[in-house]
Amino acid sequence: MRRSPDQIEGRVTVRMRRQQRLTDDPPLAFNVVVNEAALHRSVGGTDVMREQLKFLLERMELPNVDARILPFESGAHTASEGSFVIMKFPSLLENVTFGDVVLIEYRVGALYLEAEQETQPFSRVFERLQATALDPRESAKRIQHLLNSRYGR
């Protein structure tokens, strides 16, 4: 599917704004588990990869960010069929609450799951991934090692 320049620019703007929310006041909490394979897949060349990994390491230092690497040695895992995002929303109004929303993006669109019976399995998978992944400190070491060894710091 070809996107127009306006569509591409719009997507970039949205992604940049999402990144900015990590440092806004108040910042969003961000918990992520990244498959180590994603760190090794070169996109954009050496300079781009070097900058992306440095940026990731910087963001991992934020107190509202919990980023973990699912290492190769962990073998098969519970999310092998694809990535997903779990969004949790604060209660801003008295007596008004929102359940979790799971976002699954795919080539031509996105699927939003809101029913608890649909979102709960994803929450359990994420909890298992966090437990299997390296802790944040070891994850940062793994990324730094990759940065030094493959992209020459």
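Q: Before we go on, may I ask you to explain the side chain of Thr 119 in this structure?
A: Summarising the element assignment, Thr 119 is placed in helix H4 (residues 116-132). Owing to a relative accessible area of 4%, Thr 119 belongs among the buried residues under this scheme. In contact with Thr 119, not counting residues within four places along its chain, are Asp 100, Val 101, Val 102, Leu 113 and Glu 114.

Q: Is there a simple way to think about the sheet that holds strand E5 (residues 109-113) in this case?
A: Hydrogen bonds along the backbone pair up the strands of a sheet, which may run parallel or antiparallel. In spatial order, the strands read E3-E4-E5; together these three strands make up an open sheet with antiparallel pairing. Pairing within the sheet leaves two strands with one partner each, and these edge strands are strand E3 (85-87) and E5. Mean inter-strand twist for the sheet, computed between neighbouring axes without regard to direction, equals 25 degrees. Bridge count for strand E4 (residues 101-106) against E5 is five bridges, and the pairing is antiparallel. Each residue of the ladder has a partner; that of Tyr 106, found in E5, is Gly 109. Sitting on the sheet, H4 is in contact with E3, E4 and E5, with an inclination near 80 degrees to E4.

Rules of the game
Residues numbered from 1 in each chain as written. Predicted model: local features only at pLDDT ≥ 70, side-chain atom pairs only at ≥ 80, totals over all residues. Heavy atoms only, no water. Helix = DSSP H or I, 4+ residues; strand = E, 2+ residues; numbered from the N terminus. Buried < 20%, exposed > 50% of the residue type's maximum accessible area, 1.4 Å probe, protein only. Contact = heavy atoms within 4.5 Å. Pairing = 2+ DSSP bridges. Axes fitted to C-alpha atoms, helices over the stretch in contact; angles between N-to-C directions.

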